[in-house]
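Structural overview for review
Next come the chains, spelled out residue by residue.
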Amino acid sequence: MDGMMMHRPLLVKDILTYGTGAHRRGEIISVRTEGDIHRQTYEQTGRRIAQLGHALEGLGVTFGDRVATLAWNGYRHFELYYAIAGIGAICHTINPRLSAEQLIYIVNHAEDRVLFLDTTFVPLVEAVLDHLPKNLTFVIMTDRAHMPDTTFPALCYEELLEGQPESFDWPDMPEDTACGLCYTSGTTGNPKGALYSHRSTVLHALMTIVAQTVSFIEGKKVLPVVPLFHVNAWGLPFSALMSGLSLVMPGPKLDGPSLFKLMDDEEVFSAWGVPTVWMGLQAEMKAQGRKPKGFEDVVIGGSAAPRSMIEAFEALDINVCHAWGMTEMSPIGTHGTLPRWMDDAPLNKRIDYKQKQGRRCFGVDLKIVDDNGNPLPEDGRATGELYVRGNTVVSGYFRNEGASTKAFDKDGWFGTGDVATLDPDGFLTLRDRTKDLIKSGGEWISSIDLENAAMSHPAIASCAAIAVPHPKWDERPVLVAVAAGAEKPDLEDVQRHLSEHFAKWQLPDDLVWVDALPLTATGKVSKLTLREQLGDYQHPDLRETA
Ligand code: AMP
């Protein structure tokens, strides 16, 4: 027998109408590319989003169209999230750190209709212009006075909004309608698109608020350092508005001193980001001998939070929540809020637990499996590949049948490529990864792609790109190569060769020549043995400081 309850679709417009009403005094405070700090209330934001909705319709954007953004964290980017979803179109956030090749690929693959960009990214677009779809409309996210000169025709964001009605009758639509698209480069080959729905977006916001009650305190301020172009800034544009947290948007400057000043001036309560940015902030905190005013809560994810980082925050009464997730999971899967029964545990033990990747959020199922796909016990010891299932996990990749089939097991669980243990209290600990990738400063570099490109160098017979630990970037790529003949080109030569296909930060930092690479039984390079063989090899930056 069915329950007898109303059924309303879960839609992003409901977060918008609820948040801009119930939390109308909440604010978005943004460091702008124009150079100043801009403030507006959620109520004003709601009116501007309505204007933007009309403007988008005026540009001919209709249901299902992809509208791309190339932008920092700021109020206009936030407005785009809601207006695009509100009219039933899809907000495609583009990561400006991708290589030109990847950027061209995803704009064409997504068939974007309109591209909204910050002034900062004009040169980036100009560099790839000839390879972008011919019918793409460009809108620069600034006012008339700050419009830059461009070699392509571009509209002005503020002019588009001017004179538009300040309310919009947002349409109803099925809750499974797509509203967001984010390509992950956490993969080999071309980036793959995670296509979020209104339903998954609303559920993800609810789910994270329930998991992290310590972070979501109405009236406080939250700082997403995690970019709006990387998995929706971990959902904060939605969960903050839903729960009445004000948003402090840092714009382009993410170095320690800039973040410290912004957080101090605005009395940011909670800040979210990858370990690399907290390295910078902690250095500034050390230099100033204090923490930014009002800073009490930090969410760390994207890469493993080092113990020393957790300890340094906790020593200043800043609660650390170490979270884990993936682009394919909207992204949050687990959260590091400790259970109440640990309140009286000694600090050392609490930190042991904070170092783990946390416990699952409501609605996310986790399992670890052996090489044959059989579930392993959750005893904190058995180690296997982590699979996930839930309403906020992708069911396939956008327009990519082949990759979609490979990513799931026979029961429909998604394979994360992470290798982990689960303990009886539900804590996840990542131990390794099966995916052949290097994560530097929270962004991916594919080792296989590096190897293939390096092997096209005439002097390289075979090679392996490996991740080596780095104090600032967490991991950095190093190329281990076997020479084809007597010639052994230097690092710069190989970097030049690779730079055609990779962004500058993706290039290997060192080149190590060896006589042969160790192979596995199946003839693949054994990176495990290679790492052992390299013994106490250190990244060049570490050697210089040693
Ligand atoms: P992305 O899709 O780019 O957000 O990357 C997701 C991947 O980042 C995961 O599958 C992990 O390999 C890694 N990752 C995310 N969070 C953590 C964490 N807290 N600790 C270690 N690795 C993490």
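Bear in mind the structure is a predicted one, so any value in this text is a computation, not a measurement. (Residues numbered from 1 in each chain as written. Predicted model: local features only at pLDDT ≥ 70, side-chain atom pairs only at ≥ 80, totals over all residues. Heavy atoms only, no water.)

Observations concerning the packing of helix α11 (residues 275-288) against helix α12 (residues 307-315)
It is the contact of α11 with α12, at a shortest axis distance of 11 Å, that shows an interaxial angle of 45 degrees. As far as their axial angle goes, α12 and α11 are oblique. In terms of crossing hand, the pair formed by α11 and α12 is left-handed. Residues P275, W278, M279, Q282 and M285 of α11 lie in contact with α12, whose contacting residues are M309, A312 and F313. Each residue belonging to the contact of α11 with α12 can be placed in one class, and the counts come to 7 nonpolar, 1 polar and no charged. (Axes fitted to C-alpha atoms, helices over the stretch in contact; angles between N-to-C directions. Helix = DSSP H or I, 4+ residues; strand = E, 2+ residues; numbered from the N terminus. Parallel < 35°, antiparallel > 145°, perpendicular 65-115°, else oblique. Left-handed = near helix turned anticlockwise from the far one by under 90°. Contact = heavy atoms within 4.5 Å. Nonpolar A, V, L, I, M, F, W, Y, C, P; charged D, E, K, R; others polar.)

What to know about unusual backbone geometry
Across the junction of S330 and P331, the peptide omega takes the value 10 degrees, indicating a cis bond. The residue P331 is located in the loop between β15 (324-325) and β16 (332-335) in this model. The backbone phi angle of A233 is positive, close to 45 degrees, even though this residue is not glycine. By the element assignment, A233 lies in helix α8 (residues 231-234). One non-glycine residue, E267, adopts positive backbone phi at about 50 degrees. Mapped onto the elements, E267 comes out in the loop between α10 (256-266) and β12 (270-273).

Describing the sheet that holds β12
Ordered in space as β2-β1-β11-β10-β12-β13-β14, the 7 strands form an open sheet in which the pairing is mixed. Two strands bound the open sheet, and with one partner strand each, they are β2 (37-41) and β14 (319-322). Across the sheet, the axes of successive neighbouring strands diverge by a mean angle of 15 degrees, strand direction being ignored. Across 2 bridges, strand β10 (residues 221-224) lies against strand β11 (residues 246-249) in parallel orientation. Directly across from K221, in β11, lies its bridge partner S246. (Pairing = 2+ DSSP bridges.)

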